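So the chains spell out like this:
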Amino acid sequence: MNTSVADPAAPFDLTVRGGRISTATETFTADIGVRGGVIAAIAPGLPAGLRDINATGRWVLPGGIDSHCHVEQLSGMGVMCADDFHSATVSAAFGGTTTIIPFAAQHRGMAIPKVVADYAALAREKAVIDYGFHLILANPDDQALKQDLPQAIRDGITSLKVYMTYDRLKLDDYQLLDVLKLAGEEGALVMIHAENHDMIRWIARRLLDAGRVAPKYHRVAHDPLAETEATQRAIALSRLIDVPALIVHVAGAETVQVLRDARALGASVHAESCPQYLFLTADDLDKPGLEGAKFCCSPPPRDAASQQAVWDGFKDGTLSVYSSDHAPYRYDQSGKLPYGDATTFKDMANGVPGIELRMPLLFSEGVMGGRITIEEFVALTATNHARLYGLLPRKGTIAIGADADIALWNPGREVQVSTAMLHDNVGYTPYEGRTVRGWPEVVVSRGRVIVEDGRMHAERGSGQYLPRGIPEPLAAHARRAADGASSPFFKRLKGMQKDPE
Ligand code: URP
Ligand code: ZN
Ligand code: ZN
């Protein structure tokens, strides 16, 4: 491959030499020349840069995009994250991630423009890698639907997260339809936390009344059927009005099958899963005392069959993005244990940390373990996120003109995971003691070498905000609409309008 368009007279700022480069579609050996923060040339035998990095024996991959992580945010249960934009982005970078998309979170009573402006101010001051925002939407009233959301979408927040559970955030089906409709018109992707709220609270009430309060009962309250039913409903809502949707943090085997079936019918439903659903099971919640709280997330990890189903879903494209859902809550009164020893499974902050280990875990178990190819790894950790969230062609791939966001992985390096080696502010990891094979030793963000020799070299606030473009599924949706195609519902409605009988 020789695709150099570089001006041969101007030296590169950086040359990454002799690495084994992988994109989502191909693997080859070449040099990468970087100028002005972007990839200027990809070819063998490039001239020396102002700085040369020898990548012989290294796998040179696009920096990861983590499109689902909670940073400096108030959760659905009203708990503040333990990571701010500095600790979260430093931690992400050490794990090979160069772009994050966390959530500006509206809670009821909050005005969307202020939510976004406040969140942007936090990120601007602290982030060391580039970032966009999703918007969590708790109150889809007229102000939001007619004014604030269209404006936010035009400003580059082209994805919205909505919840079918959590008292503070839950939307009903009518509201979900309103949000999907608006997103279809304005070009945003709706991310749905799909769990049946009433099933969960009905089971939980009975467990608590019976004195079953330990963390392990979280997995009972969040029955797999609660996830499957809500996913089916979300898909039906999306199909009814023919607007794309993305189901986040898919955990259960039956849910994977529901998604596969919907996609086979042609539905524009996309889905994400996370390390906790590949590498943890419900048994992890059954630890002595309250230790199981460290593994408590919603939906909870399931069983070995569900782990296999998630692997299969990644392999056949049913699941297209692998995110951390990093939800950093400490194992103390600020997060997991608000009532100390008296904390019940209903009180524990939901979510597990994973922003730093997301990619090393998948690299080790997936690529080195022979379950997925290196190209699939790149697609799942970077390129598909860029496609689904409007970041292509700038992010998520190694190509001329793309930002020089690159990670040099040493496939031979074995690392034993410990809390002490991580850079987040959580104080534990659910993956303590595991050995992973392969590690991102050098990480480059927009041409800056930000991680090298185990040290962070980027300044606080040097990350840049990424206004995002139209997500690919919405672009396809717009094309379908332009071609006159529309959902059976809209066809029926159109027919009725012509003939009111
Ligand atoms: O338990 C989880 N997944 N917590 C994080 C918040 C969310 O719903 O994504
Ligand atoms: Zn969620
Ligand atoms: Zn989440």
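Each remark here, short or long, concerns the structure printed above.
Summarised in this report is the structure supplied together with it.

Reading the values: the criteria
Residues numbered from 1 in each chain as written. Chains lettered and ligands numbered in written order. Predicted model: local features only at pLDDT ≥ 70, side-chain atom pairs only at ≥ 80, totals over all residues. Heavy atoms only, no water. Donors = N, O, S within 2.8 Å, 3.2 Å for Na, K, Ca; no water. Tetrahedral: all angles 85-135°; square planar, octahedral: opposite > 155°, others 65-115°. Helix = DSSP H or I, 4+ residues; strand = E, 2+ residues; numbered from the N terminus. Expected span 1.5 Å × (residues − 1). Buried < 20%, exposed > 50% of the residue type's maximum accessible area, 1.4 Å probe, protein only. Arc of directions from axis to C-beta. Contact = heavy atoms within 4.5 Å. Pairing = 2+ DSSP bridges. Near = heavy atom within 4 Å. Polar contact = N/O pair within 3.5 Å; in protein donor to acceptor, adjacent residues only side chain to side chain. Areas by Shrake-Rupley, 256 points an atom, 1.4 Å probe, with all protein chains shown as cover. 1 Å grid on protein atoms, 1.4 Å probe; cavity = no way out; pocket = protein on both sides within 12 Å on 5 of 7 lines; lining within 4 Å. Sits in = over half its atoms within 2 Å of the grid points. Nonpolar A, V, L, I, M, F, W, Y, C, P; charged D, E, K, R; others polar. Points joined across faces, edges and corners; volume = space filled by probe spheres on them.

Some remarks on the coordination of the zinc ion (ligand 3)
Piece 1. In the first shell of the zinc ion (ligand 3), the protein supplies His68 (NE2), His70 (NE2) and Asp325 (OD), at 1.9 to 2.1 Å from the metal.
Piece 2. Seen from the zinc ion (ligand 3), its four donor atoms lie at angles of 88 to 126°, and the figure they make is tetrahedral.
Piece 3. Here the donor residues of the zinc ion (ligand 3) share one chain and are spaced in sequence as H-x1-H-x254-D.
Piece 4. Between the zinc ion (ligand 3) and the zinc ion (ligand 2) the interatomic distance amounts to 3.9 Å.

Focus: helix α2 (residues 112–126)
Piece 1. Between its first and last C-alpha, α2 extends 22 Å over 15 residues, near the 21 Å set by a 1.5 Å rise per residue.
Piece 2. Taken together, the buried positions of α2 are Ile112, Val115, Val116, Tyr119, Ala120, Ala123 and Lys126. One side of α2 holds all its buried residues, which, seen down the axis, span an arc of 145°. Exposed and oriented more than 90 degrees from the buried face of α2 are Lys114 and Arg124.
Piece 3. The inward-facing, buried residues of α2 contact α1 (85–94), β8 (103–105), β9 (130–131), β10 (134–136) and α3 (142–154).

Comments concerning the coordination of the zinc ion (ligand 2)
Piece 1. Looking at the zinc ion (ligand 2), the protein donor atoms are Lys161 (NZ), His193 (ND1) and His249 (NE2), and they sit 2.1 to 2.2 Å from it.
Piece 2. Look at where the donors of the zinc ion (ligand 2) fall in the sequence and you get K-x31-H-x55-H.

A few points about the sheet that holds strand β6 (residues 64–66)
Piece 1. Spatial strand order, β6-β7-β9: three strands in an open sheet with parallel pairing. The sheet terminates laterally at β6 and β9, the two strands that pair on one side only.
Piece 2. Direction of pairing for β6 relative to strand β7 (residues 97–100): parallel, over a ladder of three bridges. Within the sheet, the bridge partner assigned to Gly64 lies in β7 and is Thr97.

Re the site of ligand 1
Piece 1. With respect to spatial proximity, 13 residues lie near ligand 1, and among them His70, Lys161, His193, Ser298 and Asp325 are the closest.
Piece 2. In the model, an oxygen atom of ligand 1 is placed 3.1 Å from a nitrogen or oxygen of the His70 side chain.
Piece 3. The contact in question runs from an oxygen atom of ligand 1 to an N or O atom on the backbone of Gly351, over 3.3 Å.
Piece 4. Burial of ligand 1 by the protein amounts to 97% of the accessible area it has alone, namely 270 Å².
Piece 5. More than half of the atoms belonging to ligand 1 lie within 2 Å of the grid points that define the largest cavity.
Piece 6. Split into classes, the residues belonging to the shell around ligand 1 amount to four nonpolar, seven polar and two charged.

As for the pairing of strand β16 (residues 406–416)
Piece 1. As judged from the four bridges shared by strand β5 (residues 59–62) and β16, these two strands associate in the antiparallel manner. Within β16, the residue paired with Trp59 across the bridge is Trp409.
Piece 2. Direction of pairing for β16 relative to strand β17 (residues 435–445): antiparallel, over a ladder of eight bridges. Along β17, the bridge assignment pairs Ala407 with Val443.

Quick word on the layout of surface pockets
Piece 1. There is about 400 Å³ of room inside the largest pocket.
Piece 2. Surrounding the largest pocket, 17 residues form its lining, Met77, Tyr166, Asp167, His197 and Lys346 being those nearest its centre.
Piece 3. Considering every element that reaches the lining of the largest pocket, the biggest residue donor is helix α5 (residues 197–209), with six residues.

Quick notes on the sheet that holds strand β14 (residues 269–273)
Within a sheet, neighbouring strands are paired by backbone hydrogen bonds and run either parallel or antiparallel to one another.
Piece 1. An order of β8-β10-β11-β12-β13-β14-β15 is seen for the seven strands of this open sheet, with the pairing classed as parallel. Sheet topology places β8 and β15 (321–322) at the edges, where each strand pairs with a single neighbour.
Piece 2. In the sheet, strand β12 (residues 189–193) pairs with strand β13 (residues 245–247) via three bridges, with the strands oriented parallel. From the neighbouring strand, Ile192 faces β13, where its bridge partner is Ile247.

Brief notes about unusual backbone geometry
Piece 1. In this chain, Ser298 is followed by Pro299 through a cis amide linkage whose omega measures -10°.
Piece 2. Residue placement: Pro299 occurs in the loop between α9 (275–279) and α10 (304–316).
Piece 3. In this chain, Leu392 is followed by Pro393 through a cis amide linkage whose omega measures 0°.
Piece 4. Structurally, Pro393 is set in the loop between α12 (374–388) and β16.
Piece 5. One non-glycine residue, Glu72, lies in positive phi territory at about 45°.
Piece 6. A relative accessible area of 14% places Glu72 in the buried class.
Piece 7. We note that Asp325 has phi near 45°; this positive angle belongs to a residue other than glycine.
Piece 8. Relative to the elements of secondary structure, Asp325 occurs in the loop between β15 and α11 (358–368).
Piece 9. Take Asp325: its relative accessible area is 7%, and that puts it in the buried class.

As for the environment of Ser323
Piece 1. Take Ser323: it is sitting in the loop between β15 and α11.
Piece 2. By relative accessible area, which is 0% here, Ser323 ends up buried.
Piece 3. Taking the C-alpha atoms as reference points, Ser323 and Asp66, 257 residues apart in sequence, are found 5.3 Å from one another.
Piece 4. Those residues in contact with Ser323 that sit more than four places away from it in its chain are Asp66, Ser67, His68, Glu272, Ser273, Cys274, Pro275, Arg358 and His385.
Piece 5. For Ser323, the side chain forms a polar contact with the side chain of Glu272, separated by 3.0 Å.

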